[in-house]
Amino acid sequence: EQFPEAEELLSSALEENPGHTGALVNSIVAARYLNRPEEVIQEFVDRIKKLDPDNATVKQWEDAANSFDEAAAGRDVKVTSREGAVEGVGGKGRK
């Protein structure tokens with residue numbers, strides 16, 4: 001498993017260049033894989049948005065999350081969180 005090592009290297013890279021959006025994006029990926037708290041991940045996202053409000057990767061993630069939320073709203077689905085379990089699944093016309 002190389003994610004802990006990657007996280008350390010990314011942390012070092014961000015110490016040298018705190019505004020490197022590529023390192024920030026990869027830090028999010030590593031943090032998600034290592035199940036870091038959502039607050040840690042959101043801090044990276046906020047830093048990217050401050051540096052590059054139109055960052056393509058963050059926009060893609062947000063679009064995907066919004067699409068999921070819209071799809072879930074049209075069904076009988078209760079989601080405890082984006083990372084959480086789906087408690088019930090069913091759609092219109094499903095029994």
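Preceding block: the structure.
Just so it is clear, the structure is predicted and the values come from calculations on it, not from any experiment. (Residues numbered from 1 in each chain as written. Predicted model: local features only at pLDDT ≥ 70, side-chain atom pairs only at ≥ 80, totals over all residues. Heavy atoms only, no water.)

**Q** I would appreciate a short explanation of the overall build of the protein chain in the present structure.
**A** In terms of regular secondary structure, the protein chain is built from 4 helices and 0 strands. By residue count, 21% of the 95 residues in the protein chain fall in the buried class. Counting only contacts in the protein chain whose residues sit at least 6 apart along the sequence, the fraction spanning at least 24 positions is 36%. (Helix = DSSP H or I, 4+ residues; strand = E, 2+ residues; numbered from the N terminus. Buried < 20%, exposed > 50% of the residue type's maximum accessible area, 1.4 Å probe, protein only. Contact = heavy atoms within 4.5 Å.)

**Q** I keep staring at the pattern of salt bridges and nothing clicks. Help me out?
**A** Two side chains bearing opposite charge may form a pair once their charged atoms approach each other closely. As enumerated under the stated definition, the model contains 3 salt bridges in all. Taking the shortest distance from any N to any O, the salt bridge between Arg36 and Glu7 comes out at 2.8 Å. In this pair, Arg36 is assigned in the loop between α2 (21–33) and α3 (38–51) and Glu7 in helix α1 (residues 3–16), connecting sequence segments 29 residues apart. On the basis of relative accessibility, which here comes to 35%, the residue Arg36 falls in the partly exposed class. Classification of Glu7 as partly exposed rests on a relative accessible area of 25%. A salt bridge links Glu62 to Lys49, with the nearest nitrogen and oxygen atoms 2.5 Å apart. Here Lys49 lies in helix α3 and Glu62 lies in helix α4 (residues 56–73), a separation of 13 residues in the sequence. (Salt bridge = Lys/Arg side-chain N within 4 Å of Asp/Glu carboxyl O.)

**Q** Just checking my understanding: could you explain the packing of aromatic side chains for this structure?
**A** Think of a pair of aromatic rings as described by two things: how far the centres are apart, and how the planes are tilted against each other in angle. In the structure shown here, the tally under the stated rule is 1 aromatic pair. Taken together, a centroid distance of 3.8 Å and an interplanar angle of 20° make the contact between Phe3 and Tyr33 stacked. Linking Phe3 in helix α1 with Tyr33 in helix α2, this pair joins segments that are 30 residues apart in sequence. Among the residues examined, Phe3 registers a relative accessible area of 28% and is labelled partly exposed. Look at Tyr33 and you get partly exposed, because its relative accessible area is 45%. (Phe/Tyr/Trp six-rings, centres within 6.5 Å; stacked < 30°, edge-to-face > 60°.)

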